[in-house]
Amino acid sequence: MKNIRLEKKDQIAFVTINRPESLNCFNYETLTELGQLTEKIHTDPETRAVIFTGEGEKAFSAGADLKERLGLSESEVRRNVKKIRDVFNAIAELPQPTIAAVNGYAFGGGFELMLACDFKIAAEHAKMGMTEVSWGIIPGAGGTQRLTRLIGEMKAKELIFTARKISANQAFHCGILTKVVSKQSLIPSCVALAEEIFKNAPLAVSQAKYAIQHGADTDLQTGMAFEANAYEVIIPTHDRREALLAFNEKRKPVFLGK
């Protein structure tokens, strides 16, 4: 893969969009590579968290590759939009916790990739925005839906209708970001969050994520059913029993992810 780089260290998969000369924009080839990599990570038992970022310090991703779009037919545009929607949905559905390390511009599709992640940590110099309407289109990779669920209908409409570009601090105060850090602290802060999660049982974390995500957009009773089903998955696991034994023996549990 030439447009996406994967590195693994200490059970963390680092996924980097590697097109700095194009502000890490998404062309069809990049989306295809990202989709293939996401599918691989989904079933990788050695990966317990995923950190997404962009190459360099200038851009996380500035969104769709407009130079490519200019030469596409309408059917090819539909192909690209479907691909980015499907890939970002696959990222949102990863069982592992996902963290966006926003190292610079996050516009359009780059913003939508950030929204598809569980946590969003940005460097203080980062700028971001849902800028699609300024290009005569609308967010097509989940932006209208994920942003609305994250910050509410009125504020989402304001940001989308105006195509406003905001600072990392403004995004934090809107409730979009988990935290804002210095550029030197960006990756260490993402790793520290992953390591804090790693102290807990992997299957419990993945089932909690499943219950939250699938229950959030339903009524309370349906959400409670998702939670009950997720709990059932956990009951026969080694890790649940190990936690009880460790408590009784006054030691830290050793979780095996099974």
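Residue indices begin from 1 for each chain and proceed along its sequence in written order. Per-residue local features are limited, in this predicted model, to residues with pLDDT of at least 70; the limit for side-chain atom pairs, both in listing and counting, is 80 or more; totals at the level of whole chains, interfaces and linings are taken over all residues. Water and hydrogen atoms were dropped before computing side-chain values, which therefore reflect all heavy atoms in the structure.

> Is there a simple way to think about the pairing of strand S2 (residues 12-17) in this case?
Along any regular strand the residues' side chains alternate between the sheet's two faces. With 6 of 6 residues buried, S2 lies mostly within the body of the structure. Only protein chains enter the accessibility calculation, which uses a 1.4 Å probe; a residue is then buried when its area is under 20% of its type maximum, exposed when over 50%, and partly exposed in between. Each helix is a run of H or I in the DSSP string that is no shorter than four residues. Each strand is a run of E no shorter than two, and both are numbered from the N terminus. Residues of S2 alternate between two faces, with Ile-12, Phe-14 and Thr-16 on one and Ala-13, Val-15 and Ile-17 on the opposite face, all of them buried. In short, DSSP must find at least two bridges between two strands for them to pair. With antiparallel pairing between neighbouring strands as the criterion, strand S1 (residues 4-9) and S2 make up a hairpin whose turn holds 2 residues, including Asp-10 at a positive phi of roughly 50°. Across 6 bridges, S2 lies against strand S3 (residues 49-54) in parallel orientation. Bridge pairing in S3 places Ile-17 opposite Gly-54. Of the crossover connections in this fold, the one passing from S2 over helix H1 (residues 28-42) to the parallel S3 is right-handed. The path from the first strand over the helix to the second decides the hand: if it runs clockwise while the strands point away from the viewer, the crossover is right-handed.

> How should I be thinking about a nonpolar patch on the surface in this particular structure?
A contiguous nonpolar patch, built from Leu-66, Trp-135 and Ile-137 and spanning about 320 Å² of accessible area, is present on the exposed surface. Counting through the fold element by element, Trp-135 comes out in the loop between strand S8 (127-129) and helix H5 (143-151). Here Trp-135 falls in the exposed class, since its relative accessible area comes to 58%. Each patch groups residues whose relative accessible area exceeds 30% and which form no salt bridge, using 9 Å between like charges and 5 Å between nonpolar side chains of Val, Leu, Ile, Met, Phe, Trp and Tyr. Here, Shrake-Rupley sampling with a 1.4 Å probe gives the accessible areas, and only protein chains in the shown set may cover a residue. We define a salt bridge as a side-chain nitrogen of Lys or Arg found within 4 Å of a carboxyl oxygen belonging to Asp or Glu.

> For this particular structure, what's the right way to read helix H4 (residues 109-116)?
Because an α-helix packs 3.6 residues into every turn, residues spaced three or four apart end up facing the same way. With respect to burial, H4 is a largely interior element, 8 of its 8 residues being buried. Along H4, the residues that are buried comprise Gly-109, Gly-110, Phe-111, Glu-112, Leu-113, Met-114, Leu-115 and Ala-116.

> It is not clear to me how the packing of aromatic side chains should be interpreted in this structure. Could you clarify?
Geometry of an aromatic ring pair is reported as the spacing of the ring centres plus the angle between the planes. Two aromatic rings from Phe, Tyr or Trp, using only the six-membered ring of Trp, form a pair when their centres are within 6.5 Å; if the ring planes differ by under 30 degrees the pair is stacked, by over 60 it is edge-to-face, and anything between is tilted. On inspection of all chains with the given rule, the structure shows 3 aromatic pairs. With centroids separated by 6.0 Å and ring planes inclined at 75°, the aromatic side chains of Tyr-210 and Phe-226 adopt a geometry described as edge-to-face. Residue Tyr-210 is found in helix H9 (residues 202-215), and its partner Phe-226 is found in helix H10 (residues 220-234); the two are separated by 16 residues along the sequence. The class of Phe-226 is partly exposed, set by a relative accessible area of 22%. Sitting over the face of the ring of Tyr-28, Arg-79 holds its NZ or CZ atom 3.9 Å from the ring centroid. Each ring is checked for a lysine NZ or an arginine CZ that lies within 6 Å of its centre and within 35 degrees of its normal; such an atom marks a charge sitting over the ring. Lying across the ring of Phe-107, Lys-165 places its NZ or CZ 4.8 Å from the centre.

> Explain the nonpolar core to me, please; I cannot follow it from the model alone.
A general feature of soluble globular proteins is that nonpolar side chains tend to end up buried together. Core analysis: the biggest nonpolar cluster contains 42 residues, and Leu-34, Phe-88, Val-102, Met-114, Met-128, Leu-147 and Ile-176 have the highest contact counts within it. The contact criterion used is simple: two residues touch if any of their non-hydrogen atoms lie within 4.5 Å. In this structure, Met-114 is in contact with Phe-60, Ala-100, Val-102, Lys-120, Met-128, Ile-176 and Leu-177, ignoring residues within four places of it in sequence. By nonpolar core is meant a set of buried Ala, Val, Leu, Ile, Met, Phe, Trp, Tyr and Cys residues that side-chain atoms within 4.5 Å join together. Phe-14, Ile-121, Ala-123 and Val-181 belong to the second-largest nonpolar core, a separate cluster that totals 16 residues.

> Looking at this model, I keep getting lost on the pattern of salt bridges. Mind explaining?
Side chains that differ in sign of charge can pair as their charged atoms come close. Evaluation of the coordinates by the stated rule reveals 15 salt bridges. Across the pair Arg-19 and Asp-65 runs a salt bridge, and its minimum N-O distance is 3.1 Å. Here Asp-65 lies in the loop between strand S4 (59-61) and helix H2 (66-70) and Arg-19 lies in the loop between S2 and H1, a separation of 46 residues in the sequence. Measuring nitrogen to oxygen at the nearest pair gives 2.8 Å for the salt bridge that ties Lys-209 to Asp-118.

> Would you mind showing me how to read helix H6 (residues 153-162) here?
Within the span of H6, buried status applies to Ala-156, Leu-159 and Ile-160. In an axial view of H6, the angular spread of the buried residues amounts to 95°, which keeps them on one side of the axis. Residues of H6 that are exposed and point over 90 degrees away from its buried face: Met-154 and Phe-161. Buried residues along H6 sit against H5 and strand S9 (166-167). Just beyond H6, the residue with positive phi is Ala-163, at close to 55°. In this description, the arc belongs to the directions extending from the helix axis to the C-beta atoms.

> Got a minute to help me understand the sheet that holds strand S6 (residues 105-107) in this structure?
Sheets are built from strands that pair by backbone hydrogen bonding, the pairs being arranged parallel or antiparallel. Spatial ordering of the open sheet is given by S4-S6-S8-S9, a layout of 4 strands whose pairing is mixed. Strand pairing shows two members of the sheet lacking a second neighbour, S4 and S9, which therefore form its edges. As paired strands, S4 and S6 are joined by 2 bridges and run parallel to one another. Across the sheet, residue Ser-61 finds its bridge partner in S6, namely Ala-106. Axis lines are fitted through C-alpha atoms, for helices just across the contact stretch, and the angle between N-to-C directions can take any value from 0 to 180 degrees. The sheet strands contacting H4 are S4, S6 and S8, and the helix crosses S6 at an angle near 95°.

> Just checking my understanding: could you explain the sheet that holds S3 for this structure?
With mixed pairing, the 6 strands of this open sheet are ordered in space as S1-S2-S3-S5-S7-S10. Since the sheet does not close on itself, it has two edges, and those belong to S1 and strand S10 (179-181), each with one partner. Averaged over all pairs of adjacent strands, the angle between strand axes in this sheet comes to 20°, irrespective of strand direction. The pairing of S3 with strand S5 (residues 98-102) spans 3 bridges and is parallel. Bridge pairing in S5 places Ile-51 opposite Ile-99. Set on the sheet, helix H8 (residues 186-198) makes contact with S2, S3, S5, strand S7 (119-123) and S10; between it and S7 the angle comes to about 155°.

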